[in-house]
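Here is how the chains run, residue by residue.
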Amino acid sequence: MTENERFAWLQLAFTPYIGAESFLLLLQQFGSAQAALNAPADKIAALVRHKQAAESWRNADKRALAQQSAEAALQWEMQDGCRLLLLQDDDFPEMLTQGITAPPVLFLRGNAELLHTPSAAIVGSRHATPQAMRIAKDFGRALSEKDIPVVSGMASGIDTAAHQGALHCARFEENECFFKCHISRMFEEVNTKRGKPPRVLAAKICILAVMAKPASAFVVLAAAVAKKSAARSGSL
């Protein structure tokens, strides 16, 4: 895939009201993301279920927003350990293509090899009882001792307890894998209110996230990242 093709893929993925199913439908119908972006709005309206989707082909501001989101995503990818994982990439997680409509773009931070390691998901209540927290922690430690990554949504409560148990394992190296819904919220807000991220974030891990929605939110996020990077380098 060329740089232009990759950019078109991202732009189509970030187009307002174009979800995973619509994205794949347009890709199948037009053959490429760029061809879909160049298609007449009337054809888009006839294909895509969401009535407002075609407005992104008629409205210059919405098209510009998708372009800005693609540029912001590429800027985010320039950070250490960050990568945009596209559905057609060879190392896209196979489990996300089985039984569901796979997202066209994933944001990855950390050790990508963990995505292809047999793992166990532990998720549960954010307001679990002390006994449940101890059990989750014990499960996390036992799995880590067998070199099995613990996967969760990084929420507080049971999720955090499971990862803490895994981190307490003496054999822990790089065997933790976390999945989260929005790249702009790397961990639960309730955890940030405690003054710092959960201890699990201090380890060598893998964070996997679907695209941030709305697209404008990701543009703001990337701008903040760029400003912070520029400040560190002394250019601001």
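So, here's what we can say about the structure. Values in this document were obtained by computation on a predicted structure and should not be read as measured data. (Residues numbered from 1 in each chain as written. Predicted model: local features only at pLDDT ≥ 70, side-chain atom pairs only at ≥ 80, totals over all residues. Heavy atoms only, no water.)

1. Some remarks on the overall build of the chain
Part 1 of the argument: A tally of helices and strands in the chain yields 10 helices and six strands.
Part 2 of the argument: Going through the 236 residues of the chain one by one, you find that 43% of them count as buried.
Part 3 of the argument: For the chain, the share of sequence-separated contacts (at least 6 apart) that also reach a separation of at least 24 residues comes to 70%.
Part 4 of the argument: Only carbon and sulfur atoms are counted for the fraction: they give 52% of the accessible area of the chain, which is about 12,700 Å². (Helix = DSSP H or I, 4+ residues; strand = E, 2+ residues; numbered from the N terminus. Buried < 20%, exposed > 50% of the residue type's maximum accessible area, 1.4 Å probe, protein only. Contact = heavy atoms within 4.5 Å. Areas by Shrake-Rupley, 256 points an atom, 1.4 Å probe, with all protein chains shown as cover.)

2. Here we look at the packing of aromatic side chains
Part 1 of the argument: Tallied over the entire structure, the rule returns three aromatic pairs.
Part 2 of the argument: For the ring pair Phe14 and Phe107, a centre distance of 6.4 Å and an interplane angle of 25° mean the geometry is stacked. Linking Phe14 in the loop between α1 (3-13) and α2 (20-30) with Phe107 in strand β2 (residues 105-110), this pair joins segments that are 93 residues apart in sequence. Grouping residues by exposure puts Phe14 and Phe107 together as buried.
Part 3 of the argument: Through a chain of ring-to-ring contacts, three or more aromatic side chains come together here, namely Phe14, Trp76 and Phe107. (Phe/Tyr/Trp six-rings, centres within 6.5 Å; stacked < 30°, edge-to-face > 60°.)

3. Quick look at helix α7 (residues 130-145)
Part 1 of the argument: The first and last C-alpha atoms of α7 sit 23 Å apart over 16 residues, in line with the 22 Å expected at 1.5 Å per residue.
Part 2 of the argument: Following α7 by one or two positions, Asp147 adopts a phi angle in the positive range, close to 60°. (Expected span 1.5 Å × (residues − 1).)

4. Side note on empty space enclosed by the protein
The method is simple in principle: a probe with the dimensions of a water molecule rolls over the atoms, and the space it marks as empty is what remains.
Part 1 of the argument: Per the counting criterion, the structure on display carries one cavity of 30 Å³ or more.
Part 2 of the argument: As a volume, the largest cavity reaches approximately 40 Å³.
Part 3 of the argument: Around the largest cavity, the lining residues are Gln11, Thr15, Leu37, Ser56, Trp57, Lys62, Arg63 and Ala66.
Part 4 of the argument: Those elements that provide at least two residues to the lining of the largest cavity are α5 (55-58) and α6 (60-77).
Part 5 of the argument: In terms of residue count, α6 provides more of the lining of the largest cavity than any other element does, three residues in total.
Part 6 of the argument: Across the lining of the largest cavity, the residue classes break down as three nonpolar, three polar and two charged. (1 Å grid on protein atoms, 1.4 Å probe; cavity = no way out; pocket = protein on both sides within 12 Å on 5 of 7 lines; lining within 4 Å. Points joined across faces, edges and corners; volume = space filled by probe spheres on them. Nonpolar A, V, L, I, M, F, W, Y, C, P; charged D, E, K, R; others polar.)

5. Focus: the nonpolar core
Part 1 of the argument: Counting residues in each nonpolar core, the largest one holds 39 residues, and the members touching the most others are Trp9, Leu12, Leu26, Val105 and Phe107.
Part 2 of the argument: Beyond its immediate stretch of four places on either side in the chain, Trp9 contacts Met1, Phe23, Leu27, Ala33, Leu86, Leu87, Gln88, Pro104 and Val105. (Core = buried A, V, L, I, M, F, W, Y, C linked by side-chain atoms within 4.5 Å.)

6. Section: the pattern of salt bridges
Part 1 of the argument: Scanning all chains against the criterion turns up six salt bridges.
Part 2 of the argument: The salt bridge involving Arg83 is made with Asp89; its shortest N-O contact spans 3.6 Å.
Part 3 of the argument: Its salt-bridge partner being Arg141, residue Asp138 comes within 3.2 Å of it at the nearest N-O pair. Remark: Arg141 and Asp138 occur in helix α7; sequence separation between them is three residues, near one turn of the helix.
Part 4 of the argument: Take Asp138: its relative accessible area is 45%, and that puts it in the partly exposed class. (Salt bridge = Lys/Arg side-chain N within 4 Å of Asp/Glu carboxyl O.)

7. Details of the pairing of strand β1 (residues 82-86)
Part 1 of the argument: When you tally the buried positions in β1, you get four out of five residues, the bulk of the element.
Part 2 of the argument: Alignment of β1 against β2, held across five bridges, turns out to be antiparallel. Bridge pairing links Leu85 to Leu106 in β2. (Pairing = 2+ DSSP bridges.)

8. Digging into the environment of Arg6
Part 1 of the argument: Here Arg6 shows up in helix α1.
Part 2 of the argument: In this structure Arg6 comes out as partly exposed when scored by relative accessible area, which is 21%.
Part 3 of the argument: Separated by 80 residues in the primary sequence, Arg6 and Leu86 place their C-alpha atoms 8.7 Å from one another.
Part 4 of the argument: Apart from the residues within four sequence positions on either side, Arg6 is in contact with Met1, Leu74, Glu77, Leu84 and Leu86.

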